[in-house]
Amino acid sequence: MQGDWLLRTLFSFGYSSNSKIGDSYIMDKKPLYVGQKCFNLDREGSLSKRLKKLSTYKPIAGYWLDLKLFPTSRVAVSVDVCTLKDDQVTLHHTKLFAAPNHLTPDPWIDNSVYVIDSLWAVWNIFVLENDKVNPGSRVFDIPEAAEFQKTPGRVNVSLRFADQQHALLADGAGRIFLLATGDRKQKVQWKVLFKEQVLKENTAFAVVDAASYINSNKQEMVDCLLVSVEEPKEESQKGKHLTIITWITFSKAGADEKWSVNRTRRLEGPRPYNHVSLERGGGAVTVASNCPFTMTADSVKEVTLPAGGSGDWEMVGREPQQPLYTWSQTTEDISIQLTLPVDTFKPDVYVTLGTDEVDIGIKNSVTLLQGPLHDRIDVSTGTWKVTEQKLEISFMKEQEEMWETLVVGDTRGEMTMDEATITAIHDRLKHLTSEKWNPDPECDQTNKPYNTQQLEACDAFDDEECIYLTRVDGETHQISHQANISYNLLFNVSLDPNKPAALCLRHDVDGLLWQPEAVANLKGGAPSSECPWRHVGTLDAFGYVQASKTQRRFSTCAPDLSMAAIADCSRHVYLYRQRAPISSPLRNRRTSQDVSSVAKQHVVLLDPPDAILGLHVSNDRVFVATPSRVYAVKVAHDA
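Trainee: Residue-level account of the overall build of the protein, with values.
Mentor: The secondary structure content of the protein amounts to five helices and 39 strands. Long-range contacts, defined here as pairs at least 24 residues apart, represent 57% of the contacts in the protein between residues at least 6 apart. With the model as given, the accessible surface of the protein reaches about 31900 Å², and the carbon-plus-sulfur share is 49%.

Trainee: If you had to explain the confidence of the model for the protein to someone new, which residues and values would you point to?
Mentor: Averaged over all residues, the pLDDT of the protein equals 81, while 79% of them reach at least 70. Below a pLDDT of 50 lies the segment residues 1–57, which in the model reaches 163 contacts outside its immediate sequence neighbourhood of four places, other chains included. Between residues 308–319, whose pLDDT stays under 50, and residues either more than four places distant or in other chains, the model counts 21 contacts.

Trainee: Lay out the pattern of salt bridges with the relevant residues and their values.
Mentor: Inspection of the entire model under this criterion finds 25 salt bridges. One salt bridge in this structure joins K195 and E144, with 3.7 Å as the shortest N-O distance. With a gap of 51 residues between them, K195 in strand β11 (residues 191–196) and E144 in the loop between β7 (137–141) and α3 (145–148) connect regions that are remote in the sequence. Overall, the relative accessible area of 39% leaves K195 in the partly exposed class. Residues participating in the shared-partner salt-bridge network are D131, D620, R621 and K634.

Trainee: Got a sec to walk through the nonpolar core? Specific residues and values, please.
Mentor: Ranked by size, the top nonpolar core spans 26 residues in total, and within it I336, I393 and L406 carry the most contacts. Going through the elements one at a time, β19 (325–329), β20 (333–339), β21 (349–353), β22 (357–362), β23 (367–372), β25 (390–397) and α4 (419–429) are the ones with two or more residues in this core. Contact partners of L406, with chain neighbours within four places excluded, come to Y325, W327, I334, I336, L369, P372, L373 and H374. In terms of nonpolar packing, the next biggest core, distinct from the first, is built from 22 residues, I245, W247, L278 and F293 among them.

Trainee: An account of the pairing of β20 is requested, with residue identities and associated values reported.
Mentor: With five bridges joining them, β19 and β20 adopt antiparallel strand pairing. Each bridged residue has a counterpart across the sheet, and for T326 the counterpart in β20 is Q337. Where β19 folds back on β20, the antiparallel hairpin that results is connected by three residues. In this structure, β20 lies alongside β25, joined through seven bridges in antiparallel fashion. Each bridged residue has a counterpart across the sheet, and for T339 the counterpart in β25 is K390.

Trainee: Got a sec to walk through empty space enclosed by the protein? Specific residues and values, please.
Mentor: This structure, assessed with the given rule, holds four cavities of 30 Å³ or more. Contributing to the lining of the largest cavity are L278, E279, T286, R471, P500, P516, E517, A518, P532 and W533. Of the residues assigned to the lining of the largest cavity, the class counts are six nonpolar, one polar and three charged.

Trainee: Lay out the sheet that holds strand β5 (residues 112–116) in plain terms, naming residues and giving numbers.
Mentor: Read from one edge of the open sheet, four strands run β4-β5-β6-β7, paired in antiparallel fashion. Where the open sheet ends on each side, the last strands, each with one partner, are β4 (104–105) and β7.

Trainee: Please give an account of the environment of L278 that cites residues and values.
Mentor: Mapped onto the elements of the fold, L278 is located in strand β16 (residues 273–278). With relative accessibility at 1%, the residue L278 sits in the buried group. When residues no more than four places from it in sequence are discounted, the contact partners of L278 are D209, A210, A211, D223, C224, L225, W247, A284, V285 and P500.

Trainee: Got a sec to walk through the packing of aromatic side chains? Specific residues and values, please.
Mentor: Inspection of the entire model under this criterion finds nine aromatic pairs. Between Y114 and F161 the ring centres are 5.1 Å apart and the planes differ by 55°, which places this aromatic pair in the tilted class. Of this pair, Y114 sits in strand β5 while F161 sits in strand β8 (residues 158–161), placing them 47 residues apart in sequence. On the accessibility criterion, Y114 (1% relative accessible area) is buried. Chaining the aromatic ring pairs together yields one cluster made of Y114, F140, F161, F177 and W190. Above the ring of F126, the side-chain terminus of K187 is found at 3.9 Å from the ring centroid. Above the plane of the ring of Y574 lies K549, whose end atom (NZ or CZ) is 4.8 Å from the centre.

Trainee: Could you give me a rundown of the side chain of H477, with the residues and numbers involved?
Mentor: Topologically, H477 is positioned in the loop between β27 (468–473) and β28 (479–484). On the basis of relative accessibility, which here comes to 6%, the residue H477 falls in the buried class. At 2.8 Å, the side chain of H477 and the side chain of D298 are in polar contact. Other than its neighbours up to four places away in sequence, H477 contacts R263, M295, D298, K301, E302, V303 and V472.

Trainee: Tell me about the environment of S260, and name the residues and values.
Mentor: As for its position among the elements, S260 is in strand β15 (residues 258–269). The sequence separation of S260 and L178 amounts to 82 residues, and the corresponding C-alpha distance is 9.6 Å.

Thresholds, definitions, all that
- Residues numbered from 1 in each chain as written.
- Predicted model: local features only at pLDDT ≥ 70, side-chain atom pairs only at ≥ 80, totals over all residues.
- Heavy atoms only, no water.
- Helix = DSSP H or I, 4+ residues; strand = E, 2+ residues; numbered from the N terminus.
- Contact = heavy atoms within 4.5 Å.
- Areas by Shrake-Rupley, 256 points an atom, 1.4 Å probe, with all protein chains shown as cover.
- pLDDT = per-residue confidence, 0-100.
- Salt bridge = Lys/Arg side-chain N within 4 Å of Asp/Glu carboxyl O.
- Buried < 20%, exposed > 50% of the residue type's maximum accessible area, 1.4 Å probe, protein only.
- Core = buried A, V, L, I, M, F, W, Y, C linked by side-chain atoms within 4.5 Å.
- Pairing = 2+ DSSP bridges.
- 1 Å grid on protein atoms, 1.4 Å probe; cavity = no way out; pocket = protein on both sides within 12 Å on 5 of 7 lines; lining within 4 Å.
- Points joined across faces, edges and corners; volume = space filled by probe spheres on them.
- Nonpolar A, V, L, I, M, F, W, Y, C, P; charged D, E, K, R; others polar.
- Phe/Tyr/Trp six-rings, centres within 6.5 Å; stacked < 30°, edge-to-face > 60°.
- Lys NZ or Arg CZ within 6 Å of the ring centre and 35° of its normal.
- Polar contact = N/O pair within 3.5 Å; in protein donor to acceptor, adjacent residues only side chain to side chain.

What follows is the structure, given as structure tokens:
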């Protein structure tokens, strides 16, 4: 493991501007949980062969400011806004509840958004077939609104769509509603399928994601994620808070097929998250955060907390736990070493090797190691021996390559490396390193690695603010995949209604869109080692642009990536169109090539200059919510 980490860490220092679609990027840190799947997402990293190449990419020269005015429609609506109380001014409450997006788009219907008014009525604002904006359709009224609006410590109402027929609504006062929306294109009234206070009494929460699927028993399931803030019960932890993610699964039960809570899982984190989403199919939760989120409870199966306790990246002040087994490797073979119980002899041991699995244990007693191997092996080369309570197994690999793990999903072992292997790795990489430090590159112009004058405040790295992207498996309760994305998360956006929200990460000056994908389970139930995040697009220079907007409140982009938008706290919305056609062709004087499209920047000024409460961008429109109205700005593709 040490050598593999060294290789990937050296790769992570190199980068190139003008990132291309389909390139891989390393976001690596030394593995924090032994045996979990860690990923580097750097363009020179080892995942290049696994990520799909999408298309040839040509970088833009810059954004042209276009002063053209776009047609704008206005719909009057008094948006419900709940402000935090004096006892909610913690980092957790502020980050999670202070500035929510009050516009909820319908991922399955273009140019359709929802907003909750001050009377707790849900309004649908959409574009008609004649290209005009509907003044609003009232599709649902939250029951007992007058009573629950007075609940102390409530937060804003939140709404998420699970599929084309169902929605989840949290009233912010402790109730969750599972709603049957019917065909939302027909604008029918929504019906309540389930209504209950699913968390502890007086616990305010918001719904942040929802998804439906059919399980292996052909049963319809609906998952949702609820976020809340709690104060620990321990006296020593008074004054501190935890962010709680509650993963609830609904299903139909009984002869009347009423919806009820089928399963509840709970994740805790010492700091608020930056992103959270459900894996479609109900397999896992993806969390981006500064500190790890640990699954602490499951209503169906017992949760075993990892060594080190909840909320620790590393075990500090404790003796490290001894591994159950050790293993070593070359490109050709594998060797496994286990310590046997006292008074155990060779006839008591069994070793079963398959082409892609292993089963080792004590006859009629315990299983020591069992599960799918990282790759295929040559079974005919397998040997094993017992020497003084030491069991050693060796076999040859089918393909000459280094393995990242021995048994997929097993975290009880430790890979060791001999001195000769470590020396060989250092010899191969020594041309990439130097024995001399260069603390002041400005003084040594002959050995200048970069121009320090080009660094900006947004380029400063603070290890405490480093963000880790993790996949928490819903069955094993453990982190199965992890990547270090530094502090470069720009925003989240839904690109595909049948997939979780994509993450936009800054790389150099660009914004890269990464789409979480479902991870298949291998034989034995362990998750696959394939990378669960796929690069699907690039927003040119968007990382650089967003860093300059100090008053920004929301950032997002269109599902087809044709434009991105940044909304200030009030009045201004900035649009960045990636490839806008031009009326007359231009010629690049340096390359002598004809230019048929350019990247444009547009500025939308709201009148009157109200506070901006919500933002959504479709492929041809920008929706903006203020306290008293919703704007729909039409952006023509030929503009």
